[in-house]
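Residues per chain are reported as follows:
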Amino acid sequence: MKISTWNINSVRLRLSSLAQIIRDICPDVICLQETKVTNELFPSKELSALGYPYQAVAGMKSYNGVAILSRLPLTKIIVRDWCKKADCRHISAIIQDTTFSPIELHNFYIPAGGDTPNPIENEKFAHKLAFLKEVTEWQKSRTKKTKNMVLVGDLNIAPLPSDVWSHKQLLKVVSHTPIETEALKQLQISGPWVDAVRKIIPPQKNLFTWWSYRSKDWTKNNRGRRLDHIWVSESLKQNVSDANVYQDTRSWERPSDHIPVTITLS
DNA sequence: ATGGTCGCTTGGCGA
């Protein structure tokens, strides 16, 4: 089973890019973030025609928005609000597969956090930290636990030194500050999570999934960050047989600033 | 230290 995650930055604008990615990768399940569209205007028919009849969608006008597209049936679709905001940053579903027992899938779009890494001066950063804490506490409080779980999304944090182009220069930049990487670690250990991508691609090796639009040539200095992640539960750890990023897409016409990340479960 | 670019929507916000 192949599971991909991609911050698409407008699903309507990049439908043809998504179709190409589908042709190239053939994922069984695709999780999108920043769809930037209401559910009424979500291109359901087009995506169904591309081979994904099972869809879980949580969108709003202009901002945020998450979606799960699947070749396999999805059950128990849940859209959750965090920090008392109905801002479409999380959707979960159970993938009904015949090879594995059911897999509980969580698709997150964690707040970016603004520019200043100080929760007192910057309410967006405060929101990001509060969001992480709330998800962490929620995971700890869950009593009914599904065995097989996968968590994906644009987590907007690059946890490892090798997840950014310069560890030293980014320590005070939102996405790589110690307070964030620590919060992400707490979130990770509050559940059964293993970083599936880093199980395949060694933690020493630089790996990025995002490059800013604010650069004439993103390849020149390769100033990227790994903001997009796929985690699996311990129960699936041994099943992770591949993980990769589709870096070519960043050079396509009208690219998203994020690239797709994919794992294979065997 | 500053400004650089996108997308949605048409001014300004969020990234």
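Before reading further, recall that the structure is shown in the block above.
Please read all numbers here as calculations on a predicted model, not as lab measurements.

> I would appreciate a short explanation of the sheet that holds strand β8 (residues 148–154) in the present structure.
Strands in a sheet are paired, the pairing made by backbone hydrogen bonds, and the direction either parallel or antiparallel. The strand order β5-β6-β7-β8-β12-β9 describes an open sheet built from six strands, whose pairing is mixed. At either margin of the open sheet sits one strand with a lone partner, and together these are β5 (74–79) and β9 (193–195). In this sheet, neighbouring strand axes are inclined to one another by 20° on average, regardless of whether the strands run parallel or antiparallel. Most of the contacts of helix α5 (residues 178–189) go to β9, to which it runs at about 125°, and overall it touches β9 and β12 (228–233).

> Would you mind going over the protein's contact with DNA strand B with me for this structure?
Every one of the 16 residues lining DNA strand B counts as a neighbour, but Ser10, Arg14, Ser62, Tyr213 and Arg214 are closest to it. For DNA strand B, a phosphate oxygen lies 3.0 Å from a polar atom in the side chain of Ser62. With respect to DNA strand B, the side chain of Arg89 contributes an N or O atom lying 3.4 Å from a phosphate oxygen. Here the residues of the surface near DNA strand B sort into five nonpolar, three polar and eight charged.

> Explanation requested: the packing of helix α3 (residues 123–141) against α5 in the structure shown.
Between two packed helices, what matters for the description is the angle formed by their axes and the separation of those axes. Here α3 crosses α5 at 20°, and the two axes come no closer than 9 Å. As judged from the angle between their axes, α3 and α5 are roughly parallel. The element α3 and its partner α5 pack so that their crossing is left-handed. For the pair formed by α3 and α5, the contact residues are Phe125, Lys128, Leu129, Leu132, Val135, Thr136 and Gln139 on the first element and Ile179, Glu180, Ala183, Leu184, Gln186 and Leu187 on the second.

Criteria and thresholds
- Residues numbered from 1 in each chain as written.
- Chains lettered and ligands numbered in written order.
- Predicted model: local features only at pLDDT ≥ 70, side-chain atom pairs only at ≥ 80, totals over all residues.
- Heavy atoms only, no water.
- Pairing = 2+ DSSP bridges.
- Helix = DSSP H or I, 4+ residues; strand = E, 2+ residues; numbered from the N terminus.
- Axes fitted to C-alpha atoms, helices over the stretch in contact; angles between N-to-C directions.
- Contact = heavy atoms within 4.5 Å.
- Near = heavy atom within 4 Å.
- Polar contact = N/O pair within 3.5 Å; in protein donor to acceptor, adjacent residues only side chain to side chain.
- Nonpolar A, V, L, I, M, F, W, Y, C, P; charged D, E, K, R; others polar.
- Parallel < 35°, antiparallel > 145°, perpendicular 65-115°, else oblique.
- Left-handed = near helix turned anticlockwise from the far one by under 90°.

Any link to function would need more than the numbers given here.
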